[in-house]
Amino acid sequence: MSTRASSSRREMDLSVFFFFSFLLTLTAFVEAAGRGVNNDNNKNGGLGASFIFGDSLVDAGNNNYLPTLSRANMKPNGIDFKASGGNPTGRFTNGRTIGDIVGEELGSANYAIPFLAPNATGKALLAGVNYASGGGGIMNATGRIFVNRLGMDVQVDFFNTTRKQFDELLGKEKAKEYISKKSIFSITIGANDFLNNYLFPLLSIGTRLTQTPDNFIDDMIDHLRDQLTRLYQLDARKFVIGNVGPIGCIPYQKTINQLNENECVDLANKLANQYNVRLQSLLEDLNKKLPGAMFVHANVYDLVMELITNYEKYGFKTATKACCGNGGQFAGIIPCGPTSSMCEERDKYVFWDPYHPSEAANVIIAKQFLYGDINVISPVNLSKLRDI
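Reading the values: the criteria
Residues numbered from 1 in each chain as written. Predicted model: local features only at pLDDT ≥ 70, side-chain atom pairs only at ≥ 80, totals over all residues. Heavy atoms only, no water. Disulfide = S-S within 2.5 Å. Helix = DSSP H or I, 4+ residues; strand = E, 2+ residues; numbered from the N terminus. Buried < 20%, exposed > 50% of the residue type's maximum accessible area, 1.4 Å probe, protein only. Core = buried A, V, L, I, M, F, W, Y, C linked by side-chain atoms within 4.5 Å. Contact = heavy atoms within 4.5 Å. Patch = residues over 30% accessible without salt bridge, like charges linked within 9 Å, V, L, I, M, F, W, Y side chains within 5 Å. Areas by Shrake-Rupley, 256 points an atom, 1.4 Å probe, with all protein chains shown as cover. Salt bridge = Lys/Arg side-chain N within 4 Å of Asp/Glu carboxyl O. Pairing = 2+ DSSP bridges. Axes fitted to C-alpha atoms, helices over the stretch in contact; angles between N-to-C directions. Parallel < 35°, antiparallel > 145°, perpendicular 65-115°, else oblique. Left-handed = near helix turned anticlockwise from the far one by under 90°.

Student: It is not clear to me how the state of the cysteines should be interpreted in this structure. Could you clarify?
Tutor: Any covalent bond linking the sulfur atoms of two cysteines counts as a disulfide. Taken as a whole and judged by the stated rule, the model has three disulfides. Paired through a disulfide, Cys324 and Cys336 show a sulfur-sulfur distance of 2.0 Å. Across the disulfide from Cys324 to Cys336, rotation about the S-S bond amounts to roughly 75 degrees, and the bridge is consequently right-handed. Of this pair, Cys324 sits in strand β7 (residues 324-325) while Cys336 is found in the loop between β7 and β8 (341-342), placing the two residues 12 residues apart along the sequence. Of the residues examined, Cys336 reaches a relative accessible area of 6% and is grouped as buried. When the cysteines of the protein chain that form disulfides are numbered from the N-terminus onward, they connect as 1-2, 3-6, 4-5.

This is the structure we're talking about:
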């Protein structure tokens, strides 16, 4: 073989080598971006799957796949979400949700994948599935102003589909053990049942004429009892359920009610507290009646109220104004989008938009749920729940 031919062959071999090296590097990059969680964070005996149910506080992108008015798949939402390179994913915040942060800390290899995402199949399900939907509530009528959303009943129906997929992936016996012993079911829901149902102007007139607040909350608790029991019947055993936060103190409520900085809407907070008392009783009852189950109560209300009241103590400069939004003195009317004004110090704002906490606030809340005492989360925190 001539020297020229040998040289050409070596150049071709090197080209092939570098081409395949590039492909391997690209594949690794794509897989890492899809995971969103560094494997170094995984712990021995870490969380199996994280199943997340709820509303926009924990929606990871399901509403991207619905014809709905409740969406966050536009900039600058997600600007601080490292896994997407700062691009919007459908999360209603600037970065990670509480569900994302909890999953990371408990050792999950991946973020729980949105149920409606096209790639929510096969082994991608094993780290968990997110069923949460912006605008969703406990009651089926909640959020109809948004045209489409996934209520809690539908979310449980979707988990039933996932449950069958786990049987196919792992076999029935291993699937049951994985779901009941190694997985956590997180439910963050209820705020929309007040904000976008019972308290919503015009749409709520019929409901409020026929139901007292007590009657409406009775219905919420009855529906949630049925929903949680259905999950139990599908082998869910480790639950964490958040109560409703101080919804009367969010920028939206302060703006539309023309309140001062230190004021909150009394009725909204009163309803939240009434529901929260009933929720705690429900979870205590379910702990007694459903063998092998652990229902953990997360005290969102007191924790968020602490952040709002003593925001400077936690390094924030405001707990009143939305970082991203428009309208009124607290930027609390128009949701965050491409035409919104946005603050420069995003980690100094308790609220990202008129309704939702910033990632900085989510980190504080999540860490309290993970490692806090019984004043915040009971009967055990999430780091202990994982290991039960």
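After presenting the structure, the write-up continues.
Student: For this particular structure, what's the right way to read the environment of Asn197?
Tutor: Assignment of secondary structure puts Asn197 in helix α5 (residues 191-198). Residue classification places Asn197 among the buried residues on the basis of a relative accessible area of 5%. On a C-alpha basis, the gap between Asn197 and Arg144 in space is 8.2 Å, while along the polypeptide they are 53 residues apart.

Student: I keep staring at the nonpolar core and nothing clicks. Help me out?
Tutor: One broad rule of soluble globular proteins: the nonpolar side chains tend to lie buried together. In this structure, Phe51, Phe194, Leu228, Phe239, Tyr275 and Phe369 are the most contacted members of the largest nonpolar core, which totals 88 residues. Those residues in contact with Phe369 that sit more than four places away from it in its chain are Ile98, Ala298, Asn299, Val300, Leu303, Val376, Ile377, Asn381 and Leu382. Grouped together as the second largest cluster of nonpolar side chains are six residues, Cys323, Cys324, Cys343 and Trp352 included.

Student: In this structure, what is going on with a nonpolar patch on the surface? I would like to understand it.
Tutor: The grouping of Ile256, Ile333 and Ile334 at the surface amounts to a nonpolar patch, some 250 Å² of accessible area in total. Structurally, Ile333 is set in the loop between β7 and β8. A residue is classified by how much of its surface remains accessible, and Ile333, at 41% relative accessible area, is partly exposed.

Student: Looking at this structure, I do not really get the sheet that holds strand β4 (residues 184-188). What am I missing?
Tutor: The strands making up a sheet associate through backbone hydrogen bonding, with each pair oriented either parallel or antiparallel. Spatial strand order, β2-β3-β1-β4-β5-β6-β9: seven strands in an open sheet with mixed pairing. Both edges of this open sheet fall to β2 (113-114) and β9 (377-378), since each of them pairs with a single strand only. Of the strands in this sheet, β1 (50-54), β4, β5 (238-242) and β6 (294-298) are in contact with helix α7 (residues 213-233), which crosses β5 at around 160 degrees.

Student: Explain the packing of helix α2 (residues 98-105) against helix α11 (residues 359-371) to me, please; I cannot follow it from the model alone.
Tutor: Two measures define how a pair of helices packs: the angle their axes make with one another and the distance between the axes. Running from N to C, α2 and α11 point in directions that differ by 45 degrees, and their axes come no closer than 9 Å. When the interaxial angle is binned, α2 and α11 end up oblique. Crossing of α2 over α11 shows right-handed handedness. Every residue of α11 that contacts α2 at Ile98, Ile101, Val102 and Glu105 is listed here: Asn362, Val363, Ile365, Ala366, Lys367, Phe369, Leu370 and Tyr371.

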